[in-house]
Amino acid sequence: MLNLISAVAAAGGAAAVGPPETHCKTGTKMTDSKYFTTTKKGEIFELKAELNSDKKEKKKEAVKKVIASMTVGKDVSALFPDVVNCMQTDNLELKKLVYLYLMNYAKSQPDMAIMAVNTFVKDCEDPNPLIRALAVRTMGCIRVDKITEYLCEPLRKCLKDEDPYVRKTAAVCVAKLHDINAQLVEDQGFLDTLKDLISDSNPMVVANAVAALSEIAESHPSSNLLDLNPQSINKLLTALNECTEWGQIFILDCLANYMPKDDREAQSICERVTPRLSHANSAVVLSAVKVLMKFMEMLSKDLDYYGTLLKKLAPPLVTLLSAEPELQYVALRNINLIVQKRPEILKHEMKVFFVKYNDPIYVKLEKLDIMIRLASQANIAQVLAELKEYATEVDVDFVRKAVRAIGRCAIKVEQSAERCVSTLLDLIQTKVNYVVQEAIVVIKDIFRKYPNKYESVIATLCENLDSLDEPEARAAMIWIVGEYAERIDNADELLESFLEGFHDESTQVQLQLLTAIVKLFLKKPTETQELVQQVLSLATQDSDNPDLRDRGYIYWRLLSTDPVAAKEVVLAEKPLISEETDLIEPTLLDELICYIGTLASVYHKPPSAFVEGSRGVVHKSLPPRTGSSESAESPDAAPAGVQPSEQPAVIPTQGDLLGDLLNLDLGPPVSGPPIAASSVQMGAVDLLGGGLDSLMGGTGFAAPSTVVPANLGAPLGSGLGDLFDLTGGVGTLSGSYVAPKSVWLPAMKAKGLEISGTFSRQVGSISMDLLLTNKALQVMSDFAIQFNRNSFGLAPAAPLQVHTPLAPNQSVEISLPLNTVGSVMKMDPLNNLQVAVKNNIDVFYFSTLYPLHILFVEDGKMERQMFLATWKDIPNENEAQFQIKECPLSADAVSNKLQGSNIFTIAKRNVEGQDMLYQSLKLTNGIWVLAELRIQPGNSSFTLSLKCRAPEVSQHIYQAYETILKN
């Protein structure tokens, strides 16, 4: 609405802008506000008469009144023909107003809007370039299919207009037209004309052409519209210096999508982009930073220019922090990413991140985060003095974060740990409740990082036991008491005091208390037998929380069957925690660096996570680093100084209760089937795959009696399933659907090696079927393959064997057997697989998505009663519904087709003419998925309802259904 009001004011031309009363005195006319104050009855009729008046001035006044009514939401569409008649005028002001009206109502009155077409065509040939541009701009805003074809000719003329203002307006119009009717734009050859405009002599035309092509390319990622080459890049860089600031942003964003052919070209582009860093507009600065951060990947760190560039990047980022708070926040979120990628850029600029007293809380918290990331041995004294000051502020959230920051400094900079601990003890002495609680939480982490070093402070912590009322602080204190029970004389009394209100505690505290008392029992068995029995019965018999019950049963079983094993498990040595626990995962960080200056860099999420309908969003990544075989995208790129094989352990988030059990108490990973590990990643899945009732021999809801190892190298019987599966589906060769091979790694990205592939599953074994083609001029040999950690632990079961060297223009087909015993890490998306392939030339990286149905195991048929019980047991919020469209199959055909891919039909019913199929399937990591498929005879759309304890897999299971049924 504001735009319309300002448009009225702008179109008002000579209309005065000062306060009304001053004008009245001098006899001039009032401001435009008078148009918004009429409340007459029969207004439309009067306006109709005025619009058809012979007097030009009266006509203009009438159109202004119409626009004013439209702005405040009145329906003035009845005046459409009368307003359109006013288009035939030489008065630019009146024309603007009529065009404004037309844009607003053309959609609701498409038949009437056609009346205006002739005027558009005429206006596009007007001697005044402003009118030509106005006509073409309005044409692009009228989103009516009927009219678009009439506009092609005028648009074609304007794209080749002699006036640059008209050409730049026409360029944007092409993008708008493409959004309405993409086919028409392609047929008319407008895209080629747009590409020609990139070579235009006027920089603004170039910028708008780039903006339009980028916009179109975003909605059609597969089309190679912006076919950038060194010549066109040179033209863009020339135009960059003379554009308006928005034009510069469009061009810089376009440059960021270009892949230079070598480090020399990358350096040359960086040199020409660097002057943009001193621009007054922060958006231009961030776009320039994005280009430089991306191309720096290609520069060798030994180059003098690399060091110069690092120095040049710091001042503009620091300058952004003197803007208003909202801009500061955006800058800080971007700096957070930059510091994670290249901390050396801002390592000497710590002071600018010190908090000012009048900073808003969101800026303060962000600055704190960056201070910790930049903390090092050189500046730690400064940082600690500053943090101690913050801990006495009045803002509670800020104080909490400051206390946590002191703990993070201790963990990050070992030399400062002692000073940090004494600072935390000083803060505990203040007796401010929330400060004490935060301090205890971080001291727990310090104990984990530096065992047997600072335990002398435990006595001080125990004095504050009564004041703790927050779950996280209580859980941390209980962990400390349990972990150091042998040093605390009255440990049993302390834990017993927590036990009194066991049922009122949060789950986090209950779990920690259970573990702490079991630790205490293993250290002092004679004194604490009663206590451990009490907590085990509270956890297993009186609790309805499955995590707590399961953990209680595990401990009970361990203690009753093998106390020595219990001691080895519960009191095992814990892995040290890593320094940075909230770093963004490297591949995501690389992608976010490519989105600096956009919303993605503020949310710290890729666009696909928050843009609706983002199927077409292309995943961007940084170019491979020059001069090293380790690429920036290396799936196994480990932090500096850490061998890939020994990744630092990370503190599990407090919410991840299963992670809590595995990481805090079990110490080094226990060998055996990796079902539990996968379960941790997938969320609410039982540690033992089938619930503890079966383990305890209970009669309740039990899992199939055979616990299946995750690597189904050989087909296994499914216990109960076999009794009912009369077809003997396990031993037979299943006709699981195999997708056709697609290109995973194009030759141009892998120095001539092209890799195509697909995944298949047969008789319980998974394989990756590859086609390697040598499109280079030299022989390729010494092939090897490695997978990054992934959601389901997929890993090669054998080396990649190419028996003879691969000659130029030769191809070889290989079937690589896979298993699911690899390391597990939850990926986004869930079925993402990052692969590294090595040969005698180099190491190459690519990622691909595997279809989930290759993980459906052969013993996925559930027994009917079990199906019913499980369906009821899974909460309703875990149910997801999907539509499978255009699938003209009968219920029996569907059932047979799905059984070939290990989706088993448990029962079939007919309800009110609809066929209902009840189905089950099981994934390699022991997750069960239950399905209800509704099929209406004669209707080719099916409704699929899925229920699962790990709802994040549902979307991928639905995609598997679609793939299998439609192929």
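What counts, and where the lines are drawn
Residues numbered from 1 in each chain as written. Predicted model: local features only at pLDDT ≥ 70, side-chain atom pairs only at ≥ 80, totals over all residues. Heavy atoms only, no water. Pairing = 2+ DSSP bridges. Helix = DSSP H or I, 4+ residues; strand = E, 2+ residues; numbered from the N terminus. Axes fitted to C-alpha atoms, helices over the stretch in contact; angles between N-to-C directions. Phe/Tyr/Trp six-rings, centres within 6.5 Å; stacked < 30°, edge-to-face > 60°. Buried < 20%, exposed > 50% of the residue type's maximum accessible area, 1.4 Å probe, protein only. Core = buried A, V, L, I, M, F, W, Y, C linked by side-chain atoms within 4.5 Å. Contact = heavy atoms within 4.5 Å. Left-handed = near helix turned anticlockwise from the far one by under 90°. Nonpolar A, V, L, I, M, F, W, Y, C, P; charged D, E, K, R; others polar. Polar contact = N/O pair within 3.5 Å; in protein donor to acceptor, adjacent residues only side chain to side chain. Expected span 1.5 Å × (residues − 1). pLDDT = per-residue confidence, 0-100. Salt bridge = Lys/Arg side-chain N within 4 Å of Asp/Glu carboxyl O.

1. Thoughts on the sheet that holds strand β12 (residues 928–935)
Piece 1. Overall, antiparallel pairing links the 5 strands, which are arranged β9-β13-β12-β11-β10 in an open sheet. Because the sheet does not close on itself, it has two edges, and the strands there are β9 (879–884) and β10 (904–911). Averaged over all pairs of adjacent strands, the angle between their axes in this sheet comes to 20 degrees, without regard to strand direction.
Piece 2. Relative to strand β11 (residues 914–922), β10 runs antiparallel, the two being bridged by 7 bridges. Within β11, the residue paired with Phe-904 across the bridge is Ser-920.

2. Thoughts on the pairing of strand β8 (residues 843–849)
Here is the key point about a regular strand: its side chains alternate between the two faces of the sheet.
Piece 1. As paired elements, strand β7 (residues 832–838) and β8 share 7 bridges and run antiparallel to each other. The residue of β8 that forms the bridge with Val-835 is Phe-846.
Piece 2. Counting the residues between successive antiparallel strands, the hairpin from β7 to β8 contains 4 residues.

3. As for the packing of aromatic side chains
Piece 1. In this structure the tally under the stated criterion is 13 aromatic pairs.
Piece 2. With a centroid separation of 4.8 Å and an interplanar angle of 85 degrees, the aromatic rings of Tyr-603 and Phe-610 are classed as edge-to-face.
Piece 3. Look at Tyr-603 and you get partly exposed, because its relative accessible area is 42%.
Piece 4. Judged by relative accessible area, which is 29%, Phe-610 ranks as partly exposed.
Piece 5. Taking 6.1 Å as the distance between ring centres and 65 degrees as the angle between the ring planes, the aromatic pair formed by Phe-759 and Tyr-850 counts as edge-to-face. Residue Phe-759 is found in strand β2 (residues 753–762), and its partner Tyr-850 is found in the loop between β8 and α40 (864–873); the two are separated by 91 residues along the sequence.
Piece 6. Exposure remark for Phe-759: the relative accessible area of 2% places this residue in the buried category.
Piece 7. On the basis of relative accessibility, which here comes to 0%, the residue Tyr-850 falls in the buried class.

4. Some words on the nonpolar core
Soluble globular proteins tend to bury their nonpolar side chains together.
Piece 1. Residues Tyr-101, Phe-120, Leu-155, Leu-387 and Phe-447 are the most contacted members of the largest nonpolar core, which totals 214 residues.
Piece 2. Those residues in contact with Leu-387 that lie beyond four places of it in its chain are Leu-368, Met-371, Ile-372, Ala-402, Ala-405, Ile-406 and Cys-409.
Piece 3. Residues Phe-787, Leu-818, Ala-880 and Leu-923 belong to the second largest nonpolar core, which totals 63 residues.

5. Examining unusual backbone geometry
Piece 1. Look at the link from Asp-828 to Pro-829: it is a cis peptide, with omega at -5 degrees.
Piece 2. Inspection of the secondary structure assignment puts Pro-829 in the loop between β6 (811–819) and β7.
Piece 3. A positive phi angle is found at His-604, which is not glycine, with a value near 60 degrees.
Piece 4. Residue position: His-604 is located in the loop between α35 (599–603) and α36 (657–665).
Piece 5. With a phi close to 50 degrees, Glu-912 is a non-glycine residue in the positive phi region.
Piece 6. Take Glu-912: it is sitting in the loop between β10 and β11.
Piece 7. Given a relative accessible area of 76%, Glu-912 falls into the exposed group.

6. Here's the deal with the packing of helix α4 (residues 56–71) against helix α6 (residues 92–105)
Angle between the axes and distance between the axes are the two parameters that describe a pair of packed helices.
Piece 1. The geometry of α4 relative to α6 is characterised by a closest axis approach of 10 Å and an angle of 35 degrees between their N-to-C directions. At the point where α4 passes α6, the crossing takes the left-handed sense. Contacts from Lys-60, Val-63, Lys-64, Val-66, Ile-67 and Met-70 in α4 reach Glu-93, Leu-94, Leu-97, Val-98, Leu-100, Tyr-101, Asn-104 and Tyr-105 in α6.
Piece 2. Here the contact of α4 with α6 is composed, by residue class, of 10 nonpolar, 1 polar and 3 charged.

7. Describing helix α20 (residues 304–320)
Piece 1. Among the residues of α20, Tyr-305, Tyr-306, Leu-309, Leu-310, Leu-313, Ala-314, Pro-316, Leu-317 and Leu-320 are the ones counted as buried.
Piece 2. The inward-facing, buried residues of α20 contact α18 (263–273), α19 (282–296) and α21 (325–341).

8. A few points about the side chain of Ser-543
Piece 1. By the secondary structure assignment, Ser-543 is in the loop between α31 (529–540) and α32 (546–561).
Piece 2. According to the relative accessible area criterion, Ser-543 is buried, its value standing at 11%.
Piece 3. Here Asn-545 takes part through its backbone nitrogen, which lies 3.0 Å from a polar atom of the side chain of Ser-543.
Piece 4. If sequence neighbours within four positions are ignored, Ser-543 has contacts with Leu-538, Leu-548 and Arg-549.

9. Considering helix α28 (residues 471–483)
Piece 1. An ideal rise of 1.5 Å per residue puts 18 Å on 13 residues; α28 measures up with 18 Å between its terminal C-alpha atoms.
Piece 2. Counting buried positions along α28 gives 11 out of 13 residues, so the element sits mostly inside the fold.

10. A short note on the confidence of the model for the chain
Piece 1. Summarising the model, the chain shows a mean pLDDT of 79, and 83% of its residues fall at 70 or more.
Piece 2. Every residue in residues 1–30 is under pLDDT 50, and counting partners more than four places away or in other chains gives 31 contacts.
Piece 3. Every residue in residues 627–734 is under pLDDT 50, and counting partners more than four places away or in other chains gives 196 contacts.

11. Remarks on the pattern of salt bridges
Piece 1. Summed over the entire model, instances satisfying the criterion amount to 38 salt bridges.
Piece 2. We note a salt bridge from Asp-892 to Lys-908, for which the minimum N-O separation is 3.1 Å. Taken as a pair, Asp-892 in helix α41 (residues 891–899) and Lys-908 in strand β10 lie far apart in primary sequence, 16 residues in all.
Piece 3. For Asp-892, a relative accessible area of 46% translates into the label partly exposed.
Piece 4. Since its relative accessible area comes to 42%, Lys-908 is described here as partly exposed.
Piece 5. Bridged by salt links that share partners, the residues Arg-400, Arg-404, Glu-438, Glu-470 and Glu-472 form one connected network.

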